[in-house]
Amino acid sequence: RRKENRRAPREREGTEERAARGRGKDSAHDKETAVDMSRGSSYDRHLTIFSPEGRLYQIEYAFKAVKSCGYTTIGVCGTDGVAFVTQLKAPDKLIDPASCSHIYSISPSVGMLTTGFPADARSIAQKARQEAAEFRFKFGYEMPCDVLAKWLADNNQVYTQHAYMRVMAVETMLIGINDDDEDNKKPMLYKVDPAGYYAGYHASCAGTKEIECTNWLEKKMKAYLGESKKPLSMDQAVRLGISALQSVLSEDFKASQLEVGVISCESSTFRKLSEDEIDDHLVAISERD
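The rules behind each value
- Per-chain numbering applies: the sequence of each chain, read as written, is numbered from 1 onward.
- Selection of residues for local features in this predicted model requires a pLDDT of at least 70, selection of side-chain atom pairs for listing and counting requires 80 or more, and totals for whole chains, interfaces and linings are taken over all residues.
- Values reported for side chains reflect all heavy atoms of the structure, with hydrogen atoms and water molecules removed beforehand.
- A strand pair is defined by DSSP finding two or more bridges across the two strands.
- Numbering of helices and strands starts at the N terminus; helices are DSSP runs of H or I of at least 4 residues and strands are runs of E of at least 2.
- Between the N-to-C directions of two axes lies an angle of 0 to 180 degrees, each axis being a line fitted to C-alpha atoms and, for a helix, fitted only over the stretch in contact.
- Three labels apply to residues, based on accessible area from a 1.4 Å probe with only protein chains included: buried if under 20% of the type maximum, exposed if over 50%, partly exposed otherwise in between.
- It only takes one pair of heavy atoms within 4.5 Å for two residues to be counted as in contact.
- We call Phe, Tyr and Trp rings a pair once their centres come within 6.5 Å, taking the six-membered ring for Trp, and we label the pair stacked below 30 degrees between planes, edge-to-face above 60, and tilted otherwise.

Caption draft 1: Focus on the sheet that holds strand 6 (residues 186-192). Pairing in this open sheet of 5 strands is antiparallel, and the strands run 3-4-5-6-7 from one edge to the other. Among the strands making up the open sheet, the edge pair consists of strand 3 (103-107) and strand 7 (198-200). Between one strand axis and the next, the sheet turns by 25° as a mean value, whatever way the strands run. The pairing of strand 4 (residues 110-116) with strand 5 (residues 170-178) spans 6 bridges and is antiparallel. Among the inter-strand pairings, Leu 113 is bridged to a residue of strand 5, identified as Met 173.

Caption draft 2: The side chain of Asn 156, seen in detail. Inspection of the secondary structure assignment puts Asn 156 in helix 4 (residues 145-158). Looking at Asn 156, the relative accessible area reads 5%, which means it is buried. Dropping the residues within four chain positions of it, Asn 156 is found in contact with Val 192, Asp 193, Pro 194 and Gly 196.

Caption draft 3: Molecular detail of the packing of aromatic side chains. The full count for this structure, using the stated rule, is 6 aromatic pairs. Geometrically, the ring pair formed by Phe 135 and Tyr 141 is edge-to-face, given 5.3 Å between the ring centres and 90° between the ring planes. Judged by its relative accessible area of 44%, Tyr 141 falls in the partly exposed class. One aromatic cluster is present, built from ring pairs that chain together Phe 135, Phe 139 and Tyr 141.

Caption draft 4: Molecular detail of the sheet that holds strand 8 (residues 203-207). Taken in spatial order, the 5 strands line up as 8-1-2-9-10 in an open sheet, and their pairing is antiparallel. The open sheet is flanked by strand 8 and strand 10 (271-272), the only strands paired with a single partner. In this structure, strand 1 (residues 72-77) lies alongside strand 2 (residues 81-87), joined through 5 bridges in antiparallel fashion. Bridge pairing links Cys 77 to Val 82 in strand 2. Those strands touched by helix 5 (residues 210-221) are strand 1 and strand 8, and its axis lies near 165° from that of strand 8.

Okay, structure coming up:
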C-alpha cells in the first residue's frame, strides 16, 4: 500500500506535466497564428508599407472609393475642341442638384472634372485655383493645362509618402488648349489619379462602370485615331460622351441630369453648356439613332 501511495503522486505529477506541455504547445501555436494574421492584415493599415506582393493597399482602396462614387465621368478630345460629360445627381431628394456640380473652372482657359469624394474634390479644386492664380501673378500668363496636371500629380504623389496623410479619393480630368503655336492650337485632355500618375488622353472615363465605358470608347474612337483618322469636332465629342453614358448605363438622360464642360481652339475659354444647349445635343443624338 505504501508503494502504491508513492506511485500515485508521481503518476499525477507526470500527467500534469504532460498536460502543461500540451497547453504550452497550443498557446504557442495560437501565438504564431495571431502573429501570422497580424502580418497578413497589417499591410493595409499604413499607407507607406508595401505588402510582400509589392502592393500598397491604401492606394488601391482609394481607387475603389472612386469607382464606388455612384456616377460616371467621360472626357473626349476632338480636333478643334475638347469636352467632358458627367451625371448631375443629388445624394438626397431635398438637395438642390445645382449645388452638387462636379465641374470646376480653375482659370479662364482650364476646366476640371472630378470623380470621387465631393469634399476631397472641392479641396483639390481650391488648391488648383490658388496655384493657377499664383502662376498667373508670377509669369504673366495663364497656367497651361499640362503644367497644372503635373502639379496636381506631384501633389497627389506626396500623399503616398507620408503615413500621417490620407490619399485623396478623387480622379481628376483637366481640359485646355495648347496655344504655344497660334496657327496650330491643339486641345488637351489630362487625367490625374490618386496615386499621382497623370497622362494625356484622346478619351478617358472614371467612376462607376469605368471598364465598360473604356471598352465602348476604344471601339468608337478607332475611326478618329491612327494615320487615316477622321476629324472629330467639338460637337461630335460632346455627343460621343453623352452617347457613351447612355449606352453604358442603359439610361436616357434629360438635359437637367447632365453636366457638360467644353473648350474650343477658337475661343480658348472654358465654359459649361446650358440646359438648352445640352438638350440640342440630346435631340441630335436621338435623330441620328
